[in-house]
Amino acid sequence: MAKEVTGKIKLQCPAGQATPAPPVGPALGSHGVNIAEFVKQFNDRTRDQMGLIIPVEISVYKDRSFDFILKSPPASVLLLKAAKLQKGSGMVGFETVGKVNRAQLEEIANIKMQDLNARDVEHAVRIIAGTARSMGIEVEG
Amino acid sequence: MIRWTEVRILVPQGWQELVAERVCAGPCTSAAFGRSSLAAEAVPEGFEMVRAFLPDRSDTPEVRAAIEDDLAQLAALTEAPELDGLRIEWRELPPEDYANSWKKSWKPFRVGRLLLLPPWKDWTPRADEVRLTIQPGGAFGSGRHATTRTCLRALSQRIAGGERVLDAGSGSGVLSVAAALLGAESCLGFDVDANAAFIADELAQDNGVASRCEFRGGDFGVLGPDDSSYDVVLANIYSDIIQAHAADLSERLAASGWFMFSGCPDRHAPETRAAIEAAGLRITEERPRGRWYTFIGRKADAGS
């Protein structure tokens, strides 16, 4: 019994702390989805990542049931890991807190390519490099 | 009730995650991508719509200015000229109780003798009606799928009371629970999904038939030698599984029992029908609904 998808909804929600408030309420409510159930399931599945914003894609079916998949972590999280940092710069433009090289950018670009809906790898690399710069991480090469 | 302001930003494709993160660093805590609803205007090609939300207590001129300033710097910070001039649209949303307003669209519905209703609805059943309470909309559906409705209707017509029921691919457990409510003596469901048994157990408990329903996680391997000679064998699953396991299902059906296999898209009906018949079963009734087929029948060597 394959179910017909009537909507795909993409959100970024705080791990373990989603609520029926926007964007969850208006995004899912317009499809008649059981919001309380989504919030419960999302928070259960992301509780161990508290503090992170998690991208999630929700599929809504014709009978208004739903399921969801957690997408790859945000590029900023992957960049902090690659640069071995706890957090980005608080004074971007005045302070550089770390570095990433081309190979690291490509690796992250490949992970994020589909979720970002980037045109190609080069496009994804530009976006990841831009994200790095916006966090005060220097892009080498 | 909190009021919300929607912060809409049309972003060049690919940059939506970064823009959402920048906006969500402030009082907006999360973001949605894409149209606000299926009816809303489509986003232009090559762009994504980022929608973040500000609670009214944080929607001040200073906060708006801070978000606008942050986004104005983004092109320079990222060295991406396409992020220059991102325009923010502020929309004050009407007040709404989002925790409850979605419930409005979930109405009780009848299938045969069964009345399916969500837990928050109080409803007086008719004299001959059997009430099934189901939390709508989880991953396993809510009884509204065409194939589930067909199965529920057939159960409500055919369960006479006292049957032993096997439910392959039991999912939410709705068919087993319905069969138990209609009078089946016992129901055994199994499903390969790791969460299914837990959810089905809850459904059986909520409906007061937990003592007559058992749910196991796994495939046919979870059935033991005693799990045989069922009066009713149900399978509302993918048609390729019905085809592959028609013999397994047939083997567990009592000589005088009946089966119901559903979930078969019409384009796969011929090969599914053939597999059922090749497994020593005789189809006595076919119920098409929309583009789905349901097959009902008995053992080939059973009397009519």
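Criteria and thresholds
- What you see as residue numbers is a count from 1 along each chain, following the sequence as written.
- Here every chain gets a letter starting at A, and every ligand a number starting at 1, in the order they are written.
- Given that this is a predicted model, residues contribute local features only at a pLDDT of at least 70 and side-chain atom pairs are listed and counted only at 80 or more, while totals for whole chains, interfaces and linings are drawn from all residues.
- Only heavy atoms go into the side-chain values, all of them from the structure, while hydrogens and water stay out.
- Orientation is described by lines fitted to C-alpha atoms, with helices fitted over the stretch in contact, and by angles between N-to-C directions that extend from 0 to 180 degrees.
- The helix count covers DSSP runs of H or I at least four residues long, the strand count covers runs of E at least two residues long, and both are numbered beginning at the N terminus.
- Angles are sorted into four bins: roughly parallel if under 35 degrees, roughly antiparallel if over 145, roughly perpendicular if 65 to 115, and oblique for all others.
- By convention, the crossing between two helices is left-handed when the near helix turns anticlockwise from the far helix through less than a right angle, and right-handed when the turn is clockwise.
- Contacts are assigned to residue pairs that have any heavy atoms within 4.5 Å of one another.
- The classification used treats Ala, Val, Leu, Ile, Met, Phe, Trp, Tyr, Cys and Pro as nonpolar, Asp, Glu, Lys and Arg as charged, and all other residues, Gly among them, as polar.
- Within this scheme, the nonpolar core is defined by two criteria: the residues are buried Ala, Val, Leu, Ile, Met, Phe, Trp, Tyr or Cys, and they are joined through side-chain atoms within 4.5 Å.
- Three exposure classes are used, based on accessible area relative to the maximum for each residue type with a 1.4 Å probe and protein chains only: buried under 20%, partly exposed in between, and exposed over 50%.
- Per-residue confidence from the predictor is reported as pLDDT, which spans 0 to 100.
- Here, the term disulfide refers to a pair of cysteine sulfur atoms separated by no more than 2.5 Å.
- Should DSSP find at least two bridges between two strands, the strands are regarded as paired.
- Put simply, buried area is the surface a 1.4 Å probe can reach on two separate parts but cannot reach once they are joined, added for both.
- Each reported salt bridge corresponds to a side-chain nitrogen of Lys or Arg within 4 Å of a carboxyl oxygen of Asp or Glu.
- Any pair of N or O atoms that falls within 3.5 Å is considered a polar contact. Within protein, one atom must be able to donate a hydrogen and the other to accept it, and sequence-neighbouring residues count only if both atoms are side-chain atoms.

The next point concerns the packing of helix α5 (residues 121-134) of chain A against helix α2 (residues 61-78) of chain B. Running from N to C, α5(A) and α2(B) point in directions that differ by 110°, and their axes come no closer than 8 Å. Here α5(A) is positioned roughly perpendicular relative to α2(B), judged by the angle of their axes. By crossing handedness, the relation of α5(A) to α2(B) is classed as right-handed. The residues of α2(B) that touch α5(A), namely those facing Gly130(A), Arg133(A) and Ser134(A), are Leu74(B), Leu77(B) and Thr78(B). Considered class by class, the residues forming the contact of α5(A) with α2(B) number two nonpolar, three polar and one charged.

This next bit is on the nonpolar core. Core analysis: the biggest nonpolar cluster contains 47 residues, and Leu79(A), Val100(A), Ile137(A) and Ile9(B) have the highest contact counts within it. Looking at this core element by element, the count peaks at six residues for α5(A). Dropping the residues within four chain positions of it, Leu79(A) is found in contact with Val100(A), Leu105(A), Ile108(A), Ile128(A), Thr131(A), Ala132(A), Met135(A) and Ile137(A). Residues Cys151(B), Ala154(B), Ala184(B) and Phe215(B) belong to the second largest nonpolar core, which totals 34 residues.

So, on to the confidence of the model for chain B. Mean pLDDT over chain B stands at 89; residues scoring 70 or higher make up 95%. The complex prediction reports pTM at 0.69, with the ipTM value standing at 0.84.

Considering all chains together, one arrives at zero disulfides over all chains under this definition. The thiol of Cys187(B) is not disulfide-bonded; the next cysteine sulfur, from Cys213(B), is found 4.6 Å away.

With that out of the way, let us pick up the pairing of strand β1 (residues 5-14) of chain A. Pairing between β1(A) and strand β2 (residues 53-61) of chain A: nine bridges, direction antiparallel. Bridged to Pro14(A) within β2(A) is Ile53(A). Relative to strand β2 (residues 31-33) of chain B, β1(A) runs antiparallel, the two sharing three bridges. Looking across to β2(B), one finds that Lys10(A) is bridged to Phe33(B).

Counting from both sides, the interface comprises 49 residues of chain A and, opposite them, 50 residues of chain B. For the pairing of chain A and chain B, the buried interface totals around 4100 Å² over both sides, and the portion due to carbon and sulfur atoms is 55%. Seen at the junction of chain A and chain B, the total is three salt bridges. Note that Arg133(A) is salt-bridged to Glu79(B), the shortest N-O span being 3.4 Å. Viewed at the interface, chain B and chain A are joined by 14 residue pairs in polar contact (both at pLDDT 80 or more). Sorting the residues of the side of chain A that touches chain B by element identifies β1, α1 (24-29), α2 (35-46), β2, β3 (66-70), α3 (75-82), α4 (102-116) and α5 of chain A as the ones contributing at least two each. In terms of residue count, the dominant contributor to the side of chain A that touches chain B is α5(A) (seven residues). Residues belonging to the side of chain A that touches chain B are distributed by class as follows: 22 nonpolar, 15 polar and 12 charged.

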